[in-house]
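# Analysis of the macromolecular model
Chain by chain, the residues run as shown.
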Amino acid sequence: MAVTAAQLDEILDKVYEWGRVRGWQGYNKHDGLNSPLLNATLGWSRWPRLVAIQGVMRMPINIRPLLMVRPTRNPKGLSLLARGLFHRYAAAGGAAGGGQGYLEEGLGLLELLGQDVSVGSWSGLGWGYPYPWQDGGFFAPTNTPNAVVTSFVCEAFLDGYEVTRDDRHLETVAGALDFLLTDLPVLLDDDRHLCLGYQPVPMTMRVMDVSILIGAVAARFGVLSGNSKWQEKAQRLVRYVVEQQTPEGAWYYTDPPSASHVKIDNYHTGFILDALERYMAATGDRAWQKSYDKGLDFYARHLFNPDHSPRWRSDCDYPHDIHGAAQGILTFSRHWSSHGELAQGIADWALSTMYHPEGRFFYQEAAWFKKRFTLLRWCNGWMALALATLHRAKSESPPT
């Protein structure tokens, strides 16, 4: 049975309270090297670091407390929670409808994001992860700013600006664009295309969602601020990613696909679709609408099961990850008239399968067991934004 608006409010109240009492601090998917034990024994080169991070991440139980990993405040998580509060404000009907508390708490989270900006020798403003991170194609020390976290933080400030018209939020995004478009490595640059790297470190790995996330931020900022300084780059960033779409409508995680073991996965597909829609909505440029529609159809048909559980990849069912469920709710809620039933079905699956009534979501469901612990950003941050977006879509849809 579809969750009601009143039930969504009650669940969201509990989810936010769960984070609030913890000071918005929690464990993270890739924070294994925050263990002083693992960092001392395995933190000295690529393969040992990968073993430490992947080992902690893949455990069926949360062993971080045993390894002395401390909960941290994650800027990406704060950005998701803030955006969810702005959606709750809108769904409530703004201040007149009793939503002022949502707005005030969302703005408070933006203030925390201002405190958590990374400090270093790069241009402008950037945000990163509160742990050292070894990926297959790069290594980043703790708090190294990166393209994805910074882009998501920018979206939160842009949402805040749309509600308040406070120019300080635009100034923050302008500073972040200086970092994104100045300090990240340029991996491809020609008259029609621009591809940027994930981190301000030497790298060659082209991660597909990076460029379009930056392009969407630059385009949206340009329209809201009236400053078209970055518009040409935004278009080339988006075009590069759109033109990597497969004939079936999918995107691989990297270009070329062989650069990563990750192929066509759930939530990165949603990232690309959402960023493309944000770009088109901001600019009014619908030249890539057919590519978007094909991608949305692929996402619906190949990355969710008949029971609405999220597939891990197009060629791999398990694990069912709560982040994938949240991303599906976000993407399909945007198209309520055509995909609202699917968004609702994914939410119902998540709430019946992955939700604990104390206000938290489980991490993953494997074929024979569940990882019943909660990672604040990965689980609750994403589901808070997803359910708030669903709530707003339901509130703004015409009655049937």
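Quick note: structure is the one above.
What you are looking at is a predicted structure, and each value in this text was computed from that prediction instead of being measured.

About the thresholds
Residues numbered from 1 in each chain as written. Predicted model: local features only at pLDDT ≥ 70, side-chain atom pairs only at ≥ 80, totals over all residues. Heavy atoms only, no water. Helix = DSSP H or I, 4+ residues; strand = E, 2+ residues; numbered from the N terminus. Rg over C-alpha atoms; globule rule 2.2 N^0.38 Å. Buried < 20%, exposed > 50% of the residue type's maximum accessible area, 1.4 Å probe, protein only. Contact = heavy atoms within 4.5 Å. Areas by Shrake-Rupley, 256 points an atom, 1.4 Å probe, with all protein chains shown as cover. Lys, Arg positive; Asp, Glu negative; His and termini not counted. Charge placed at Lys NZ, Arg CZ, Asp CG, Glu CD. Phe/Tyr/Trp six-rings, centres within 6.5 Å; stacked < 30°, edge-to-face > 60°.

### Considering the overall build of the protein chain
- What the protein chain contains, in helices and strands, is 14 helices and 13 strands.
- Relative to a compact globule of 400 residues, whose C-alpha radius of gyration would be 21 Å, the protein chain shows 20 Å and is just as compact.
- Projecting the C-alpha coordinates of the protein chain onto the three principal axes gives extents of approximately 55 × 50 × 45 Å.
- Burial statistics for the protein chain: of 400 residues in total, 60% are counted as buried.
- Taking as baseline every contact in the protein chain between residues at least 6 positions apart, the subset at least 24 positions apart corresponds to 67%.
- Split by element, the accessible area of the protein chain, about 15,800 Å² in all, is 54% carbon and sulfur.
- In the protein chain, which carries 38 positive and 41 negative side-chain charges, the distance between the mean positions of the two groups comes to 5 Å.

### Considering the packing of aromatic side chains
- Inspection of every chain in the model, using the stated rule, returns 19 aromatic pairs.
- Look at Trp133 and Phe138: their rings are 5.4 Å apart centre to centre, the planes differ by 90°, and that puts the pair in the edge-to-face class. The pair formed by Trp133 and Phe138 is uniform in burial state, with each residue classed as buried.
- When the ring of Tyr363 is compared with that of Phe373, the centres are 5.6 Å apart and the planes differ by 45°; the resulting orientation is tilted. Remark: Phe373 occurs in the loop between strand E13 (370–371) and helix H14 (376–396) and Tyr363 occurs in the loop between strand E11 (360–361) and strand E12 (364–365); sequence separation between them is 10 residues.
- On the basis of relative accessibility, which here comes to 2%, the residue Tyr363 falls in the buried class.

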